[in-house]
Amino acid sequence: MPSIIKLHAISGAQDESPPCYLLQVDEFRFLLDCGWDEKFNPNFIKELKRYAGQIDAVLLSFPDQQHLGALPYMVGKCGLSCPIYATIPVYKMGQMFMYDLYQSRTNMEEFDIFSLDDVDAAFDKIIQLKYNQTITLKGKGYGLTITPLPAGHMIGGTMWKVVKMGEEDIVYAIDFNHKKERHLNGCDLEKLARPSLLITDAANCMNEQERRRVRDEKLMTNILQTLRKGGNVLIAVDTAGRVLEISHMLDQLWRNKESGLMAYSVVLLNNVSYNVVEFAKSQIEWMSDKLMKTFEGARNNPFQFKHIQLCHSISELNKVPSPKVVLASSPDMESGFSRDLFVQWCSNPLNSIIVTRRTTPGTLARILIEKETSPFTIPLEVKKRVPLEGAELDAYLRSEKGKSLSNIKRYLKDFFYKIASYPNKFFISEEYSSDESDNEMEQVALGKHDLVVKQEVKTKTGFFKSNKKQFPMYPFYEEKIKYDEYGEIVRPEDYKMTDLTLEAEEEVVNKENVQVKEEEMPAVDINEVPTKCVTTVRNLHVAAMIRFIDFEGRSDGSSLNKIVAQLKPHRLLIVKGNPESIQFMANYCRKSTDAKVLTPKTGDVVDATTETHIYQVKLTDALLSSLEFKKIKDAEIAWLDSKLAQKEVDEVIYSEDVTMSESVLGAEIPTLEPVKDLSLSHHATFINKLRLSDFMVVVKKAGYHCEFSGGILQCCNGTIALRKLESGTVTMEGCISPEYYQIRDLLYSQYAIV
Amino acid sequence: MATKVKVESTLPAEESDLLSIRPLGAGQEVGRSCIMLEFKGKKIMLDCGIHPGLSGMDALPFVDLVEADEIDLLLISHFHLDHCGALPWFLQKTSFKGRCFMTHATKAIYRWLLSDYIKVSNIATEQMLYTEADLESSMDKIETINFHEEKDVMGVKFWAYNAGHVLGAAMFMIEIAGVKILYTGDFSRQEDRHLMAAEIPNVHPDVLITESTYGTHVHEKREERESRFTSLVNSIVTRGGRCLIPVFALGRAQELLLILDEYWSQHPELHDVPIYYASSLAKKCMAVYQTYVNAMNDKIKNQIAVSNPFVFKHISNLKGIDHFEDVGPCVVMASPGMMQSGLSRELFESWCSDHKNGVIIAGYCVEGTLAKMILSEPEEITTMAGQKVPLKMSVDYISFSAHTDYQQTRDFIKILKPPHIVLVHGEQNEMNRLKTALIREFEVDPKNKMQIYNPRNTVAVELYFRGEKTAKVMGTLAVEPPKPGNILSGILVKRNFNYLLLDPGDLGRYSDMVISQVVQRQSMHYNGPINLLQHILTQLAGPVESLEDKKLRIFGCIDLTLVDKCVTLEWIASPVNDMYADTVLAAVLQAESVEDVPKSMPSTPTKMDRMHFKECLMEMLQDMFGEDSVPKIFKGDKLHVTVDGKKADIDLEHMVVLCEEDELLQQVVQTAVSKLYNSLSPPKVDTSL
């Protein structure tokens, strides 16, 4: 009895919403990815919430919001508590994605869908895996193993293989990339041949990609043109996935002395850019063979950037001289610095804005892709956080004072209570107060220090001790005056006006007709300055050049179809992608394979159970030694006539019983014995698929003359002809001659005949 | 699980149950680790090191005893010379064409460590095994494997666990046809400052090949060891001496640096005493240490996010002896660890005659090296130049080498419960002691049937594993549940020790194989008339089907067409059909050779002449049993024969003979009747094939 396999598409089926599927194998429920769209659509999450308690394991494919965005919410707010499986880079980079997303959202609005604690809680549940590491599930999932396989696209990207012991192998592979890239290897399709169920997407099915070189040149010329005109380039990228590919490429470009780019700056801007690059540096073993080789050979860490500067805020960015290229998150431009910069830069026709991936319809990036010809005007909701001023500030301070007073009271109460409970260890209070020091208000209230002690910042990066001076008392740094042939070096910071951001902003604002719709949302910000969030709707005039250059790094249409056809799944389940592309792929696969194709809609539950019959038998040595094995490719085959041995225990183990226990399993497998009955006979079977061109090589090697003419292989001066019919049948014709039999022997040697 | 059975000599290697484990190096010795595994026709080499105490070809393991080109797989456990030192030689200078794996960190350090080794040993010996260029090109042949990642090379499955010995050190679990072998390499179950303790595999191996460097020795606690070390260093420098610590450039050195750096930062009074680390190699490999933090322990993983623990505050790099100002107390860490040659040797020779100085041996030393020799505190030593110099400096030995000790090994074995243990990588005496101790430890438990082996170099341990072979029956064949006595016929597909039994029709569904068809069409000249051909064929093959004009089907599978004096035979190829075709071909050639073609053909009987048969039968029976044994006249299909008063009934319709009295007679008559029938009846072909 085969297992029951069902897939419930909670999101991401027949449209471009983020993937989120519930896969049920018998009693065990996997959640395949847990994505959330850029706008945090609450509808499907409601549906998903209902299953939170039933999910037994979550499998994550990629670290971006599309694939794990809903995880912090599910764990933090809905009580999802099962183990989550992901590769190490997905774990590390996923955290970066979520931190950046949270920070970007907080920078522009009151964001309470999830908190940083939720992110940490969610990622604590992740079990970190390596590629090709097989995990055997226990308990309810007995008999199931899961294996992550490399999928390309993003670092750590995974195709999941779920195997039900001895029978079903389910492959979940979406958004993979079969092509080798600069920093990643392509996906590993070898291990996937003939899965019983393949779950894949058709999102890219109708898109054709340009050749890599053409695409890279396009980006390069675009950047060069804009920079030479004096404009800035904004490249909207993700936080820690595809950005690695683009940043690595740009850094290499900048290193090339002939590129003429050395004079300009290139910046990686997101809230966690430093950490992303650090993590990337320590994950070389997950990257492409080429990068690994250069690292092993020359110890060049590819992510030790020479030219790319890392920035974490707009004000840091403003210190970088223009013209510049900025890689900013997020790719959808719904939030993050890419949106801020878009608002700032779009009106200047000298600038150019490059979108690198097709995001969900309705997002700013997608709107830009669809328009592509500037100039045009779009209404845009601009949200930002501004410091409180005037009356608002007073009101805020008053309410805070009340709060802090009560805080102090509470604190003092705790404090004395603590002292009372440790009468002998009074000194502990010092430690204690430093423990609590995260609360700023309390510290000020107590007046612990009025002396500011500056922490000595360690900025050394070298391996060994530098001859640094020791300061016995007060730190005194004598600044060396640096100079070049023109005299003392001018430090631009000294002459820079502060608050450049605000000014730049105001300029823009003044030019346009603005309808301000203020929402009073005062709150404590991380900057410790009371702020509020303001939402305005502005009609932005977009004059900058807009370009879409495909850096998605996913397999494109034609290859996608070929790959799926080549994998030859018994069942194919297509999720994600617009209905036309799904239809296109489904038709293609129906034509070229014998697979049963299923195309569920969002919310559908489809049954993908395969009615495979299967049982296990033991083979005796006597039986095996009586067989004549014939080699074919990497396997050997033989015809087997055998008898099931008599056994006292007549009970037969079907594979459904595999779930029970191993001891039962070992004991009752029926044994096959050889039969000596000569009356058993069978038709000979020719196994292999012959290609005439291959055969020609064989014939030539054996010393016979042969040539192709009109699809027919002519041998021995045309006395023997071989052709292949549509049906795959090979016909051999010829006059009777010794060569006929010799060629025939050669032909037979191409087959395993049993 | 393993029982001794006789191996059938006829069995091919891959079906044999014999697992042989043969140390080509590191058998009852330390150094040149190299162990051969052979099972089911697969040959695997574990490590390929050199002996640090020997040089040139002598340092190699006994690889001349195996055929390098037959080895399928070579696994390297870690980057120490005694585990990978011979690898460039083996990859470049032998006919080896299998695949070679190591972990990422190992590969990155291997490159630099061996290049350093080439440079260092160039001074000592002329007969180099390989050059920098060989090393460089060997890099392309080495593949990498991540910890826990499963690889499959021609049916051999293997994966790596963290071994804790040095960065990137791995233990390999190898599975061949269900038999699991764990090779520990060098391992340590003690977590230290930067490495995690060796992992305990969650599967039980059938054979454990473990190191036994420290035999029954028990390490002192980490804290004690560290404080002994630091106070020793302290006392040497405070008495105004120079402290030499010979170390392997990579591995334990990083651990010692972490300890010394921390100790110095806690003791400001020592800040005037410089610590030098004389290794350009370590500097080169720092990037590797900074990159592969995922292979280190959690402490480092967490710390690295804040600041890099491998950025030392009190330790300076020393480029070489030329850059060294030998003016006063100092601490110098220098490679190589056993002072065979190089900087550590030079410094030792220039310092050894001053009693204020001290040397601390911090790692394991192999027999035959200077480090091992001075541990016995000789009066004088011989320098590399050949002079005798008195040894006055203090010599201390504090083991920092991260090798398992007796306690760790014992606990490791207790958890894994392997039925077979093979000890390697240990001096003969240590190994024997460990073996005895382990046997004593585990003999208390009567259920435990653990076997421990300590083979010498080139001596194989032979184990028998009766691997149970199971096949999966799938598809049409499996529709009916298995019942004893049922006959199963189908195609058995064997791939990587997995068997699959399928109906030919299902082959395409469950495997990537394709069933094909070959059609043959042979033609030849034929001059004669068709009726002659037909006559001869009928005589040969019985009734011939006439499909259409001038097209005949013979044996139900061979189609013969005669057009314009040309006979064409067409059939679907199969061994049986080919044979029929050859027969038909012979008949055609025979017909061709008939010179005098008769005008009319005698009609060949296609039906049996029953009357004729009956007459013949009577005659035959009379010949056999005498005139009187059969009645003179009979009608219908019933006949009886009487022999010695016993009567046998013959049913001519069904060709059945029945004689209740004498079974022998029944058989004799039956045989006679059927044979006669067969010889008189026209040829009949079983066309089911």
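Calculation notes
Residues numbered from 1 in each chain as written. Chains lettered and ligands numbered in written order. Predicted model: local features only at pLDDT ≥ 70, side-chain atom pairs only at ≥ 80, totals over all residues. Heavy atoms only, no water. 1 Å grid on protein atoms, 1.4 Å probe; cavity = no way out; pocket = protein on both sides within 12 Å on 5 of 7 lines; lining within 4 Å. Points joined across faces, edges and corners; volume = space filled by probe spheres on them. Nonpolar A, V, L, I, M, F, W, Y, C, P; charged D, E, K, R; others polar. Helix = DSSP H or I, 4+ residues; strand = E, 2+ residues; numbered from the N terminus. Contact = heavy atoms within 4.5 Å. Expected span 1.5 Å × (residues − 1). Buried < 20%, exposed > 50% of the residue type's maximum accessible area, 1.4 Å probe, protein only. Arc of directions from axis to C-beta. Patch = residues over 30% accessible without salt bridge, like charges linked within 9 Å, V, L, I, M, F, W, Y side chains within 5 Å. Areas by Shrake-Rupley, 256 points an atom, 1.4 Å probe, with all protein chains shown as cover. Salt bridge = Lys/Arg side-chain N within 4 Å of Asp/Glu carboxyl O. Lys, Arg positive; Asp, Glu negative; His and termini not counted. Charge placed at Lys NZ, Arg CZ, Asp CG, Glu CD. pLDDT = per-residue confidence, 0-100. Buried area = accessible area lost by both parts, 1.4 Å probe. Polar contact = N/O pair within 3.5 Å; in protein donor to acceptor, adjacent residues only side chain to side chain. Axes fitted to C-alpha atoms, helices over the stretch in contact; angles between N-to-C directions. Parallel < 35°, antiparallel > 145°, perpendicular 65-115°, else oblique. Left-handed = near helix turned anticlockwise from the far one by under 90°.

Caption draft 1: Local environment of empty space enclosed by the protein. Residues and elements named next belong to chain B. Scanning the model with the defined rule gives nine cavities of 30 Å³ or more in all. Reported here for the largest cavity is a volume of approximately 270 Å³. Along the walls of the largest cavity sit 24 residues, with Phe248, Met338, Gly363, Tyr364 and Ser401 positioned nearest its centre. In terms of residue class, the lining of the largest cavity is built from 13 nonpolar, eight polar and three charged. Roughly 90 Å³ of volume is contained in the second largest cavity. Each residue belonging to the lining of the second largest cavity can be placed in one class, and the counts come to five nonpolar, five polar and two charged.

Caption draft 2: Looking closely at the side chain of B:Ser33. Topologically, B:Ser33 is positioned in the loop between strand E1 (18–25) and strand E2 (34–39). Those residues within four positions of B:Ser33 in sequence are excluded, and the remaining contacts are B:Gly25, B:Ala26, B:Leu46, B:Asp47, B:Cys48, B:Gly49, B:Asp82, B:His83, B:Tyr183 and B:His425.

Caption draft 3: Examining helix H19 (residues 579–592) of chain A more closely. All names here are of chain A. Along its 14 residues, H19 runs 20 Å from first to last C-alpha, staying within 8% of the 20 Å computed at 1.5 Å per residue. Those residues of H19 not exposed but buried are Ser581, Ile582, Met585, Ala586 and Cys589. Down the axis of H19, the buried side of the element spans an arc of 135°, and every buried residue falls inside it. Residues of H19 that are exposed and point more than 90 degrees away from the buried face comprise Glu580 and Lys591. Each element contacted by the buried residues of H19 is listed here: strand E11 (197–201), helix H18 (557–567), strand E23 (571–575) and strand E24 (596–598).

Caption draft 4: Region of interest: a positive patch on the surface. Residues and elements named next belong to chain A. On the surface, Lys568, Lys633, Lys689, Arg691 and Lys724 cluster together into a positively charged patch. Looking at the secondary structure, you find lysine 633 in the loop between strand E27 (630–632) and strand E28 (635–644). Since its relative accessible area comes to 59%, lysine 633 is described here as exposed.

Caption draft 5: Quick look at a negative patch on the surface. Taken together, B:Asp609, B:Glu615, B:Glu619, B:Asp623, B:Glu627 and B:Asp628 make up a surface patch of like negative charges. A relative accessible area of 52% means that B:Glu619 is categorised as exposed.

Caption draft 6: Seen up close, the confidence of the model for chain B. Residue and element names in this part refer to chain B. For chain B, mean pLDDT is 84; residues scoring 70 or higher make up 94% of the total. Within chain B, the element-level pLDDT minimum falls on helix H13 (residues 507–510), averaging 75, and the maximum on strand E4 (residues 73–75), averaging 95. pLDDT under 50 marks residues 1–10. Its contacts with residues more than four places away, or in other chains, come to 15 contacts. Reported confidences for the modelled complex are a pTM of 0.75 and an ipTM of 0.72.

Caption draft 7: Just the interface of chain A and chain B, in detail. Between chain A and chain B, the residue contacts involve 94 residues of the former and 97 residues of the latter. Each partner contributes to the roughly 8,300 Å² buried at the junction of chain A and chain B, and carbon and sulfur atoms together form 56% of this total. Scanning the region where chain A abuts chain B turns up five salt bridges. In this structure, the salt-bridge partner of A:Glu296 is B:Lys107, at a minimum N-O distance of 3.2 Å. Counting across the interface, chain A meets chain B through 31 residue pairs in polar contact (both at pLDDT 80 or more). Counting only elements with at least two residues in the side of chain A that touches chain B, the list comes to helix H4 (88–108), helix H9 (289–298), strand E26 (614–619), helix H20 (621–625), E28, strand E30 (686–687), strand E34 (730–735) and helix H23 (738–749) of chain A.

Caption draft 8: Examining the packing of helix H11 (residues 406–416) of chain B against helix H12 (residues 428–443) of chain B more closely. Residues and elements named next belong to chain B. Running from N to C, H11 and H12 cross one another at 45°; their axes reach a closest spacing of 11 Å. Between H11 and H12, the interaxial angle falls into the category oblique. The handedness of the crossing between H11 and H12 comes out as right-handed. The residues of H12 that touch H11, namely those facing Tyr406, Arg410, Ile413 and Lys414, are Leu434, Ala437, Leu438, Glu441 and Phe442. Classifying every residue of the contact of H11 with H12 gives six nonpolar, no polar and three charged.

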